[in-house]
Amino acid sequence: MNGIQVDINRLKKGEVSLGTSIMAVTFNGGVILGADSRTTTGAYIANRVTDKLTRVHEKIWCCRSGSAADTQAVADIVQYHLELYTAQYGTPSIDTAASIFKTICYDNKDNLTAGIIVAGFDDKKGEGEVYSIPLGGSVHKQDYAIAGSGSAFIYGYCDKNYRKDFNKDETVDFVKHSLSQAIKWDGSSGGVIRMVILTKDGLERLIFYPDEYENL
Amino acid sequence: MNHDPFSWGRPSDETYGAYNDSIAHTSPFPKMNTQQPIITGTSVISMKYNNGVIIAADNLGAYGSLLRFTDVERLFPVGKNTVVGISGDISDMQHIEEMLSDLEIENNYDNSHAEDDEALKPSYIFEYLSTVMYQRRSKMNPLFNALIVAGTENGEPFLKYVNLLGVTYSSPTLATGFGAHLAVPLLRRVIDREEDVAKTDLDLAQKTILESMKVLYYRDARSSRKFSLAIIDKDQGLIFKQGLQVENMNWNFAKDIKGYGTQKV
């Protein structure tokens, strides 16, 4: 036997992919999720205004990359689990939500192409948290996370420019500049930059159009 | 001792090393190098109008999904009355660029009428290129491109396509790649048949081409915002515009889209 053969080209023929540049960044006061808005089937842009920032609980959201169908299905199931959890035990912690994501992604790893970043604001702790769940279904708690095909081009930029003590506006700029570069180089990413800011004061949605972020 | 007839008349292996017998295992076919494109250019779009032709192509050289080179010129003027637009492999495009340059040099050498009666015509350039494309295809070593030759000849607009297979065709509206699927239907709304060419002026044709470039930037994941456009007009001659950008895009409606089904926030 010559080792284990694995087919890594997982997207089925005609399947829609969230090409993607996504990231989530904690800061002093909360967390910001960011994403582009492009969904592709091969080189055709099936949706240029996609919303990849998905709510699974009031202040627990996720960024989706990989197969659009798989990530939507997983997010829907996690949302169901968290709704039931809340009814029985009250608000779940972010790590609990990440754990549910992980269980689904890990147990079904052979049949899923889902790269998810879980991000939320814990009102009890008063701080934001980010968990990365890549293809295999492992969990990685991080100060900030980047994922998707476009992230490959901004590892250097993010590593050099991230600071733990950013305020909200600085974090918005960091996400905007990072995704701008990811979109610039990755053909599978593009459209508008969407952001969701989670703080003790609630939820804020932001959008940035090409004319603004293209020439930063 | 080795008595195998295969080894008769030659020294034993210990003397000069093992014999290289690969010549006995050659392929009966000639060398065939069908490649794969590496750095690629996307759509080229074009249309005729009442006084000439317009052709456009963006300035991107993609490396798979990486938008690697953003300053690639894919429209090549030849003389004063022809422009060749090239999509597909960029290294093969540069080879064709060199061929066109050699063609011009050859034509102009020792030729006092190179600027008028004996200037290169679009049909000559096209015939030459399409012959080369088919010949390369027949050797199983294609130039991995799709070309559009646009120009004016004897006062009439000229527009013809040839690709890596040596397939050629002509129409009042032509495009390669994604443009063939997305731009041609838009261009045909203005010029549905040859008779509509005379009813279309430069202004309308240019607007239609710009609108098509916008749609391609919306929908082609291997396209760029920056592009070049060339007009070959019967009277005004060759007008080459570079550094153009897709403008007047609609993105504002995106702010009202939330989730993918039931999400309200």
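Residues numbered from 1 in each chain as written. Chains lettered and ligands numbered in written order. Predicted model: local features only at pLDDT ≥ 70, side-chain atom pairs only at ≥ 80, totals over all residues. Heavy atoms only, no water.

(A) Structural view of the sheet that holds strand β2 (residues 44–49) of chain B. Residues and elements named next belong to chain B. A sheet is described by the order of its strands in space; here five strands give the open sequence β11-β2-β3-β12-β13, paired in antiparallel fashion. Only two strands of the sheet have a single partner each, and these edge strands are β11 (173–175) and β13 (237–245). Strand after strand, the sheet turns through a mean of 15° between neighbouring axes, direction not considered. Two elements, strand β3 (residues 52–58) and strand β12 (residues 226–233), share seven bridges in a ladder whose sense is antiparallel. Across the sheet, residue V53 finds its bridge partner in β12, namely I232. (Pairing = 2+ DSSP bridges. Helix = DSSP H or I, 4+ residues; strand = E, 2+ residues; numbered from the N terminus. Axes fitted to C-alpha atoms, helices over the stretch in contact; angles between N-to-C directions.)

(B) Representation of the side chain of K176(A). Tracing the sequence through the fold places K176(A) in helix α4 (residues 168–185). In contact with K176(A), other than residues within four places in its own chain, are I193(A), M195(A), F208(A), E212(A), Y213(A) and L216(A). (Contact = heavy atoms within 4.5 Å.)

(C) The arrangement of the pairing of strand β7 (residues 60–67) of chain A in detail. Residue and element names in this part refer to chain A. When you tally the buried positions in β7, you get eight out of eight residues, the bulk of the element. Both strand β6 (residues 53–57) and β7 contribute to a ladder of four bridges, which runs antiparallel. Looking at β7, one finds that L53 is bridged to C63. Strand direction decides the pairing type here: β7 and strand β8 (residues 114–122), joined by seven bridges, are antiparallel. Counterpart to C63 in the pairing with β8 is I117. (Buried < 20%, exposed > 50% of the residue type's maximum accessible area, 1.4 Å probe, protein only.)

(D) Spotlight on the interface of chain B and chain A. Residue-level contacts link 26 residues of chain B with 36 residues of chain A. Carbon and sulfur atoms supply 56% of the area buried between chain B and chain A, which totals about 2,600 Å² over both sides. Its largest share of buried area at the contact with chain A, chain B owes to R219(B), W251(B) and Y260(B), together 29% of the area lost on that side. At the boundary of chain B and chain A, one finds two salt bridges. (Buried area = accessible area lost by both parts, 1.4 Å probe. Salt bridge = Lys/Arg side-chain N within 4 Å of Asp/Glu carboxyl O.)

(E) The nonpolar core, seen in detail. All names here are of chain B. Membership of the largest hydrophobic core comes to 26 residues, with the highest contact counts inside it found for I45, I54, I209, M213 and L229. Of all the secondary-structure elements, those providing two or more residues to this core are β2, β3, α4 (178–190), α5 (202–219) and β12. In terms of residue count, the dominant contributor to this core is α5 (six residues). Dropping the residues within four chain positions of it, I209 is found in contact with I45, S46, M47, I54, A56, L187 and L229. Counting 23 residues, the second largest nonpolar core, distinct from the first, contains L100, L120, I125 and F158. (Core = buried A, V, L, I, M, F, W, Y, C linked by side-chain atoms within 4.5 Å.)

(F) Quick peek at the side chain of T20(A). By the secondary structure assignment, T20(A) is in the loop between β1 (17–18) and β2 (22–27). In contact with T20(A), other than residues within four places in its own chain, are D36(A), K52(A), R64(A), S65(A), A147(A), G148(A), S149(A), G150(A), S151(A), D186(A), S188(A) and S189(A).

(G) Region of interest: the confidence of the model for chain B. Across chain B, pLDDT averages 95, with 100% of residues at or above 70. ipTM for the predicted complex: 0.90, alongside a pTM of 0.90. (pLDDT = per-residue confidence, 0-100.)

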